[in-house]
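Listed below, chain by chain, are the residues.
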Amino acid sequence: MNIVILGPQGSGKGTQAEKMAAKFKLEHIDMGKFLREVAKMDTPLGKEVWQIQNVTKTLVPKRILEEIFTIKLNDISREKGIVFDGFPRNMDQTEYFEHAMREFGRETDAVVYIKLSKEESVKRISKRWVCEKCKSVWIMGKDVKSEEDKCLDCGGKITQRTDDTPEGIEKRLKVFEKETLPVVAYYENKGKIIEIDGAQTIEKVFEDILSNLGVYDS
Ligand SMILES: [Zn+2]
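Analysis parameters
Residues numbered from 1 in each chain as written. Predicted model: local features only at pLDDT ≥ 70, side-chain atom pairs only at ≥ 80, totals over all residues. Heavy atoms only, no water. Helix = DSSP H or I, 4+ residues; strand = E, 2+ residues; numbered from the N terminus. Rg over C-alpha atoms; globule rule 2.2 N^0.38 Å. Buried < 20%, exposed > 50% of the residue type's maximum accessible area, 1.4 Å probe, protein only. Contact = heavy atoms within 4.5 Å. Areas by Shrake-Rupley, 256 points an atom, 1.4 Å probe, with all protein chains shown as cover. Lys, Arg positive; Asp, Glu negative; His and termini not counted. Charge placed at Lys NZ, Arg CZ, Asp CG, Glu CD. Axes fitted to C-alpha atoms, helices over the stretch in contact; angles between N-to-C directions. Parallel < 35°, antiparallel > 145°, perpendicular 65-115°, else oblique. Left-handed = near helix turned anticlockwise from the far one by under 90°. Phe/Tyr/Trp six-rings, centres within 6.5 Å; stacked < 30°, edge-to-face > 60°. Lys NZ or Arg CZ within 6 Å of the ring centre and 35° of its normal. Core = buried A, V, L, I, M, F, W, Y, C linked by side-chain atoms within 4.5 Å. Pairing = 2+ DSSP bridges.

Trainee: Help me get a handle on the overall build of the chain, residues and values and all.
Mentor: A count of helical and extended segments in the chain gives 8 helices and 8 strands. Taking 17 Å as the expected radius of gyration for a compact globule of 218 residues, we find that the chain reaches 18 Å, a close match to that expectation. For the chain, the residues scored as buried account for 43% of the 218 residues in total. Once local pairs closer than 6 in sequence are excluded, the contacts in the chain between residues at least 24 apart make up 66%. Summed over all atoms, the accessible surface of the chain reaches about 12,300 Å², with 49% contributed by carbon and sulfur. Computed over 37 positive and 38 negative side-chain charges, the separation of the two mean positions in the chain equals 2 Å.

See the structure below:
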C-alpha cells in the first residue's frame, strides 16, 4: 500500500501518517525531515543541501529533490508500502513523484486529503509554542498557561515561531491553496482522493481514513 497524506498546517497529517505507518508497517516518508538528514551527511549532495538550507536559505531545487527522492525510494524494500507525509505538495513534484513511483514499480493507491477550514487551522497553529532549547511543541492553554511558562521537558524558554503567528499561517495557507490544491484536484480526477474532515479528533480522523480505505480498526 502506497498512500499520500495531504492537508494544510494544523490538519494533523504528520500524526495520521505516523499512525498509518505503525498500523500497516509502512515506511513513513517526511521529505522535510529527510532533507535535514541529508544535510548532515558528509557527501557532495549533503554539503550542497546544507549550503542551501543554512547559507543561501532558498528553496531546495527540483533537481536535488528528485535525486533525494530517488535515493529514498531505492533504500526501501520493494515489498514495503510507504506513507508519504505532505509530499508531493505541488504539480512539479507530482510529476516526478509519479514518474519515480512507476520506475520503482509502485502505484499511488490513495491520496488522503485532510480538509480543515482556514479559521480552524489558524486557531490550532497559533496555540503552538516551541521550546528554544529542545524544540518540543507545547499547546498554549493546555500544556502551558502563559508565555512565562517554561518547557515541560527541559525547562527551556518557550517562544512562538514567526511562521506560527496568524500572519505567518495565512501566508502558508495561501501557498497550500495555490500549490497543493491542484495536486488534490489531479488525484481527484484519477478517483484516488479520500477527503477527510480534519476538524475531528485524531482518533476519529484515523477511523475515517481506515473506513474509507476499506479497512476497519479492530
Ligand atoms: Zn525544552
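Trainee: Tell me about the packing of helix α3 (residues 44–56) against helix α4 (residues 62–75), residues and numbers included.
Mentor: Each pair of packed helices gets described by two things: the angle between the helix axes and the distance between those axes. Remark: α3 packs on α4, axes separated minimally by 12 Å, with the N-to-C direction vectors making an angle of 130°. Considering their axes alone, α3 and α4 lie oblique with respect to each other. Here α3 and α4 pass one another in a crossing that is left-handed. Mapping the contact onto sequence places Leu45, Glu48, Val49 and Ile52 in α3 and Arg63, Ile64, Glu67, Ile68 and Ile71 in α4.

Trainee: Residue-level account of the packing of helix α2 (residues 31–39) against α4, with values.
Mentor: Between α2 and α4, whose axes approach to 11 Å, the crossing angle comes to 95°. Regarding the angle of α2 to α4, the classification is roughly perpendicular. Each of Met31, Phe34, Leu35 and Val38 in α2 lies in contact with α4, whose residues at this interface are Leu65, Ile68, Phe69 and Lys72.

Trainee: Lay out the packing of aromatic side chains in plain terms, naming residues and giving numbers.
Mentor: Within this structure, the stated rule accounts for 9 aromatic pairs. With centroids separated by 6.4 Å and ring planes inclined at 50°, the aromatic side chains of phenylalanine 87 and tyrosine 96 adopt a geometry described as tilted. The pair formed by phenylalanine 87 and tyrosine 96 is uniform in burial state, with each residue classed as buried. Of the aromatic side chains, those joined through ring pairs into one cluster are Phe69, Phe84, Phe87, Tyr96 and Phe97. Above the ring of phenylalanine 24, the side-chain terminus of lysine 23 is found at 5.9 Å from the ring centroid. A cation sits over an aromatic face here: lysine 72 above phenylalanine 34, 4.3 Å from the ring centre.

Trainee: Provide a residue-level description of the nonpolar core, including the pertinent values.
Mentor: In this structure, Ile68, Phe69, Leu73, Phe84 and Phe97 are the most contacted members of the largest nonpolar core, which totals 33 residues. Membership of the second largest hydrophobic core comes to 16 residues, among which are Ala17, Met20, Leu26 and Val205.

Trainee: I'd like a rundown of unusual backbone geometry, residues and numbers included.
Mentor: A negative phi angle is the norm for most residues apart from glycine, just as the trans form is the norm for most peptide bonds. Phenylalanine 87 connects to proline 88 through a cis peptide bond whose omega is 0°. When you line up the elements, proline 88 lands in the loop between β3 (82–85) and α5 (91–103). Even without being glycine, lysine 25 reaches a positive phi, approximately 50°. With respect to the helices, strands and loops of the structure, lysine 25 is situated in the loop between α1 (13–24) and β2 (27–29). Of note in this structure, lysine 135 is not a glycine but carries a positive phi near 70°.

Trainee: Please give an account of the sheet that holds strand β5 (residues 128–131) that cites residues and values.
Mentor: Taken together, the 3 strands give an open sheet; going across it, the order is β6-β5-β7, and neighbouring strands pair in antiparallel fashion. Each edge of the sheet is formed by a strand with only one pairing partner; in this case those strands are β6 (137–139) and β7 (158–159). Sheet topology places β5 next to β7; 2 bridges connect them, and they run antiparallel. Each bridged residue has a counterpart across the sheet, and for cysteine 131 the counterpart in β7 is isoleucine 158.

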